[in-house]
Amino acid sequence: MFSAYNALTARECRMDAATSEFVRAGSLEELKAKGRLVLHGSHRPILLVYDRGRVFALDNRCPHMGFPLERGSVEDGILTCHWHHARFDLESGSTFDLWADDVPIFPVELRNGEVWVKTTLGHADPATHWRQRLADGLAHDLGLVIAKAVVGQLAADVPRDDIVRQVALFGALNRDGWSVGLTILTALANLLPILPEEETYLALFHGARRVAADCDGEAPRRERAPLESRPDPAALKRWLRRWTTVRHREAAERTLLTAIAADLSSDVLADALLAAETDRAFADTGHSLDFINKAFECLDLIGWKHARTVLPTVVGQMVAARGAEESTVWRQPVDLVALCDEAASQLSRLFAASRGARGWSGHAALARELLGDDPVRIFDGLKAAVRAGAAPTDLSRSLAYAAALRVARFGNANEHADWETAHHVFTHVNALHQMLKRIGTARTDEHVTAVRAVLHGAMSLYLTRYLNVPPARIPGEHGEQLDDLPTDAETIRAALLDAFDRQRQVDVAARLVARHLTLGHSPQSLIVTLARALLREDAGVHAYQILEAGVRQFTVWGYTDEGRHILIAVARYLAAHSPTERAALQTADIARRLMRGGELHQDEGASA
């Protein structure tokens, strides 16, 4: 902030190049008589206040909602906004009410009885200033301050990854465990390379505000230390599984910290965590594995030197998670856990026997088999794929597409809450696919861990088969014509956004997406439209997860029928959860307009 400067006489004013930025505001006598004046021009409106023998200049817009501060009251050096009663120190502009944010102030000079004001604002180091403001907003969970700080950092050309890093480290240090906010932040950060400017701002704002909300009132994370020894990776992997099985969090965290301190690579760490995680089937309805994968992706974004801070945050949930093997539906009428155990040993032997086989391409056909209603036949289909040369990542790719089809064909007769059941499987197996790609084939162990994880994913998919009874029709299939819809790409995307403005537009949204893609229009533009639709909503974590997972899987399949089905699935889910109140969008819009110098209440003055 600038410091207010009040010269007592004209002789005390220094005349230099900076004076060219000053403008005459009026006479001191006039200001004394009126108590306050508003200076208008090409700059933002500036409020001048005479109080107790001194002159102060402040932005006339309340930093909270833009209400004209000229209508406020001044008492004892404190300016109070007339609307929400935010209070500000006249001299510094600092607020007494953190939810309102500080009001910018301007330097003032007195020259021969005239008041001159410097109308330009700026900071010696804008990036540092707005980084501190973001830290303040995160620490106090102040949405408006967070939004302004994001705008300020982007305007100061701060790299987006630097903003993500600041928020992610705050979230990792100020809450004892990974949070949905960090998941949202990472999911949106993964999408940043394809988002235009407006959506980039909203994505960073949503991620930051959700991390702040998760940390508000929480105890900070306790620092734990690695072991003094450096056991070999195989021992650390065994220990991590042991401590996870017996729910010994402290021991599991120290084991993981030891692995990090030993500079084990990302793929080795991923293999160890996946092995421990999959000792329980479909833990926490898939959330646990998704959070682990997001922690790895977060480190890809912010740098692996922060692994000691970020990666152990997932251990608490992993250790405490309840496995699906503890639930009735996995045990009766068919003991799926026992079937998985038996099939896992068979598939591991098949992988060992087929090592070196390449070129398998039956992903779509396997996906159709995975959607079957007989678990034994599902296992047989996986075995046949391995015999034919499928790698673990091939199996997880097919599994992810099959899970997307569950969403794309989700029957509208189901209860609304059942959308989450379909969603959990899709985001879980997408996380599995990303983890298996990270692990690769360097440490196979006959792919025991991968096999177990794939089988658990396949059975979680099998148990959701009722969601497609009867199945919703995928638009454009079986000769269905979409000629009643527009052909122009922009018109289709505008209609899609309009559909998200109304409830119960699931099928309409699906048809518009299908129309856009079957006509050969840009899938990237369509994805941006889906992101725009999501980022204007007060969405839950699942919506962010499904968009990012859908984009990930579309990237795998490309501009094919399968890729089209995946984006249809995303659109159907988002449409089922739109519209919302869009309160966060209002905050983001207010912050942007305030930062750009707009007068939010210039037309409401007479009636306010």
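Residues numbered from 1 in each chain as written. Predicted model: local features only at pLDDT ≥ 70, side-chain atom pairs only at ≥ 80, totals over all residues. Heavy atoms only, no water.

1. Considering the overall build of the protein chain
Of the regular secondary structure elements, the protein chain holds 24 helices and nine strands. Projecting the C-alpha coordinates of the protein chain onto the three principal axes gives extents of approximately 95 × 70 × 40 Å. Within the span of the protein chain, comprising 608 residues, buried residues form 57% of the whole. For the protein chain, restricting intrachain contacts to residue pairs at least 6 apart in sequence, the fraction spanning at least 24 positions comes to 74%. Approximately 25,200 Å² of the protein chain is accessible, and the part contributed by carbon and sulfur atoms is 49%. (Helix = DSSP H or I, 4+ residues; strand = E, 2+ residues; numbered from the N terminus. Buried < 20%, exposed > 50% of the residue type's maximum accessible area, 1.4 Å probe, protein only. Contact = heavy atoms within 4.5 Å. Areas by Shrake-Rupley, 256 points an atom, 1.4 Å probe, with all protein chains shown as cover.)

2. Some remarks on the pattern of salt bridges
Applying the stated rule across the entire model yields 48 salt bridges. Residues Lys-148 and Asp-101 are paired through a salt bridge, measuring 3.1 Å at the closest nitrogen-oxygen approach. Placement of the pair is Lys-148 in helix H3 (residues 143–155) and Asp-101 in the loop between strand E7 (87–89) and strand E8 (108–111), with a sequence separation of 47 residues. Assigned by exposure class, Lys-148 and Asp-101 land together as buried. We note a salt bridge from Arg-536 to Asp-501, for which the minimum N-O separation is 3.2 Å. (Salt bridge = Lys/Arg side-chain N within 4 Å of Asp/Glu carboxyl O.)

3. Details of the packing of helix H5 (residues 180–191) against helix H6 (residues 197–215)
Where H5 contacts H6, the two axes come as close as 7 Å, and the packing angle between them is 165 degrees. Relative to H6, H5 is oriented roughly antiparallel. As for the relative orientation of H5 and H6, their crossing is left-handed in sense. Between H5, through Val-180, Gly-181, Leu-182, Ile-184, Leu-185 and Leu-188, and H6, the contact on the second element is made entirely by Ala-203, His-206, Gly-207, Ala-208, Arg-210, Val-211 and Asp-214. A breakdown of the residues in the contact of H5 with H6 according to their chemical character gives eight nonpolar, three polar and two charged. (Axes fitted to C-alpha atoms, helices over the stretch in contact; angles between N-to-C directions. Parallel < 35°, antiparallel > 145°, perpendicular 65-115°, else oblique. Left-handed = near helix turned anticlockwise from the far one by under 90°. Nonpolar A, V, L, I, M, F, W, Y, C, P; charged D, E, K, R; others polar.)

4. As for the packing of helix H2 (residues 126–140) against H3
The interhelical angle for the contact between H2 and H3, taken along N-to-C directions, is 160 degrees, at an axis separation of 8 Å. Of the possible angle classes, the one that applies to H2 and H3 is roughly antiparallel. Our pair here, H2 against H3, has a crossing hand that is left-handed. Residues Trp-130, Arg-131, Arg-133, Leu-134, Gly-137 and Leu-138 of H2 lie in contact with H3, whose contacting residues are Val-145, Ile-146, Lys-148, Ala-149, Gly-152 and Gln-153. Of the residues belonging to the contact of H2 with H3, the class tally is six nonpolar, three polar and three charged.

5. Re the side chain of His-306
Among the secondary structure elements, His-306 is positioned in the loop between helix H10 (287–302) and helix H11 (307–310). Overall, His-306 belongs to the buried group, its relative accessible area being 14%.

6. Here's the deal with the packing of aromatic side chains
For the structure shown, the criterion picks out six aromatic pairs. Geometrically, the ring pair formed by Tyr-201 and Phe-205 is stacked, given 6.5 Å between the ring centres and 25 degrees between the ring planes. Here Phe-205 and Tyr-201 lie together in helix H6, a separation of four residues that amounts to about one turn. With a relative accessible area of 2%, Phe-205 lands in the buried category. On the basis of an interplanar angle of 45 degrees and a centroid distance of 5.0 Å, the ring pair of Tyr-401 and Trp-557 is categorised as tilted. One end of the pair, Tyr-401, is in helix H16 (residues 392–408); the other, Trp-557, is in helix H22 (residues 541–557), and 156 residues separate them in sequence. We classify Tyr-401 as buried; its relative accessible area is 5%. According to the relative accessible area criterion, Trp-557 is buried, its value standing at 9%. These aromatic residues form a ring-pair network of at least three members: Phe-410, Trp-419 and Tyr-573. (Phe/Tyr/Trp six-rings, centres within 6.5 Å; stacked < 30°, edge-to-face > 60°.)

7. Re the confidence of the model for the protein chain
On average, residues of the protein chain score 92 in pLDDT, and 93% of them reach the 70 mark or higher. Taken together, the stretch residues 1–19 has pLDDT below 50 and engages in 36 contacts with residues farther than four places along the chain or on a different chain. Low confidence marks residues 603–608, where pLDDT is under 50. Its contacts with residues over four positions away, or in another chain, come to five contacts. (pLDDT = per-residue confidence, 0-100.)

8. What to know about empty space enclosed by the protein
Taken as a whole and judged by the stated rule, the model has one cavity of 30 Å³ or more. There is about 60 Å³ of room inside the largest cavity. Contributing to the lining of the largest cavity are Glu-277, Thr-278, Arg-280, Ala-281, Phe-282, Ala-283, Leu-289, His-428, Ala-453 and His-456. Here the residues of the lining of the largest cavity sort into five nonpolar, three polar and two charged. (1 Å grid on protein atoms, 1.4 Å probe; cavity = no way out; pocket = protein on both sides within 12 Å on 5 of 7 lines; lining within 4 Å. Points joined across faces, edges and corners; volume = space filled by probe spheres on them.)

9. Description of the environment of Thr-587
On the secondary structure map, Thr-587 appears in helix H24 (residues 583–595). Looking at Thr-587, the relative accessible area reads 23%, which means it is partly exposed. Note: C-alpha distance between Thr-587 and Leu-37 (550 residues apart in sequence) is 29 Å.

10. Section: the sheet that holds E8
Within a sheet, adjacent strands bond to each other through the backbone by hydrogen bonds, running parallel or antiparallel. In space, the three strands of this open sheet follow the order E1-E9-E8, with antiparallel pairing throughout. Two strands close off the open sheet at either side, each with one partner strand: strand E1 (22–27) and E8. Between one strand and the next, the sheet's axes are offset by a mean angle of 30 degrees, whatever the strand orientation. Of the pairings in the sheet, the one linking E8 to strand E9 (residues 114–118) comprises four bridges and is antiparallel in character. When the bridges of E9 are listed, Val-108 appears paired with Val-117. (Pairing = 2+ DSSP bridges.)

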